[in-house]
Amino acid sequence: MTLIRLIDRVLSRTLGAICSVLLVLMIGFIIYTVVLRTVFLAPPFWGDTLTLFANTWLVLLAFVLAVRTRSNIAMTTAHAFLPTSVTRFFEGLWIALFGALGLLLLVKGWEVVGRIPGSYWELGNLPKSYPMMILPIAGVLVMAASAMAMIDHIRDRDGRGTDEDDAKDH
């Protein structure tokens, strides 16, 4: 296994674990807020804000995983109805477009982080730029995932990987 494949595998597993933790946190924040709101009539002032942050980070990090595994619904819905050559073309196009979206997230996300004023008083005056850092972070990760997916796409004739690659990775 090459160093790049090792990094890819560790990063994918780490992102999967982070997504799992964010999902559990999001569910916990919602349950806690609902119970305090309905049973005790005293909802926490920070519950909805943290749920929103966990959800945003979860969606963007899960998008990175979807791009890397080439399992995005936009890439697979019509494949059953198209010839293989057309399917391969559209898979490559989607991967390239996702890479461009990663670049957009990086550039515009960095601008947002630099310009957003204020802080969240309910979170101890946490600067609003901190939660927004997911935009440039996701941008870098989406570009890296797109690059790896494009390498796999070009290398694999069938577009889905080979058993040898899977055997090497496990």
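Residues numbered from 1 in each chain as written. Predicted model: local features only at pLDDT ≥ 70, side-chain atom pairs only at ≥ 80, totals over all residues. Heavy atoms only, no water.

Caption draft 1: Summary view of the overall build of the protein. Looking only at helices and strands, the protein has 7 helices and 2 strands in total. Helices (α) and strands (β) of the protein occur, in sequence order from the N terminus, as α-α-α-α-β-β-α-α-α. If you take every contact in the protein between residues at least 6 apart in sequence, the share linking residues at least 24 apart comes to 71%. As presented, the protein carries roughly 10400 Å² of accessible surface, and 73% of it is formed by carbon and sulfur atoms. (Helix = DSSP H or I, 4+ residues; strand = E, 2+ residues; numbered from the N terminus. Contact = heavy atoms within 4.5 Å. Areas by Shrake-Rupley, 256 points an atom, 1.4 Å probe, with all protein chains shown as cover.)

Caption draft 2: Just a nonpolar patch on the surface, in detail. Taken together, the side chains of Leu23, Ile27, Ile31, Val35, Val39 and Phe40 make up a nonpolar region of the molecular surface, amounting to roughly 550 Å² of accessible area. Along the chain, the position of Ile27 falls in helix 1 (residues 3–38). (Patch = residues over 30% accessible without salt bridge, like charges linked within 9 Å, V, L, I, M, F, W, Y side chains within 5 Å. Salt bridge = Lys/Arg side-chain N within 4 Å of Asp/Glu carboxyl O.)

Caption draft 3: Quick look at the packing of helix 1 against helix 6 (residues 134–155). With their axes 12 Å apart at the nearest point, helix 1 and helix 6 run at an angle of 125° to one another. In terms of orientation, helix 1 and helix 6 fall into the oblique class. Our pair here, helix 1 against helix 6, has a crossing hand that is left-handed. Between helix 1 and helix 6, the residues in contact are Ile4, Arg5, Asp8, Leu11 and Leu15 and Leu141, Met148, Ile151, Asp152 and Arg155, respectively. Across the contact of helix 1 with helix 6, the residue classes tally to 6 nonpolar, no polar and 4 charged. (Axes fitted to C-alpha atoms, helices over the stretch in contact; angles between N-to-C directions. Parallel < 35°, antiparallel > 145°, perpendicular 65-115°, else oblique. Left-handed = near helix turned anticlockwise from the far one by under 90°. Nonpolar A, V, L, I, M, F, W, Y, C, P; charged D, E, K, R; others polar.)

Caption draft 4: Structural view of the pattern of salt bridges. Counted under the stated rule, the structure contains 10 salt bridges. Here Arg5 makes a salt bridge to Asp152, at a shortest N to O gap of 2.6 Å. Residue Arg5 is found in helix 1, and its partner Asp152 is found in helix 6; the two are separated by 147 residues along the sequence. We classify Arg5 as buried; its relative accessible area is 17%. Two residues, Arg37 and Asp48, come together in a salt bridge whose shortest N-O distance is 3.4 Å. Placement of Arg37 in helix 1 and of Asp48 in helix 2 (residues 47–69) is noted, with a sequence separation of 11 residues between them. Beyond isolated ion pairs, a larger network of salt bridges with shared partners links Arg5, Asp8, Arg68, Arg70, Asp152, Arg155 and Asp156. (Buried < 20%, exposed > 50% of the residue type's maximum accessible area, 1.4 Å probe, protein only.)

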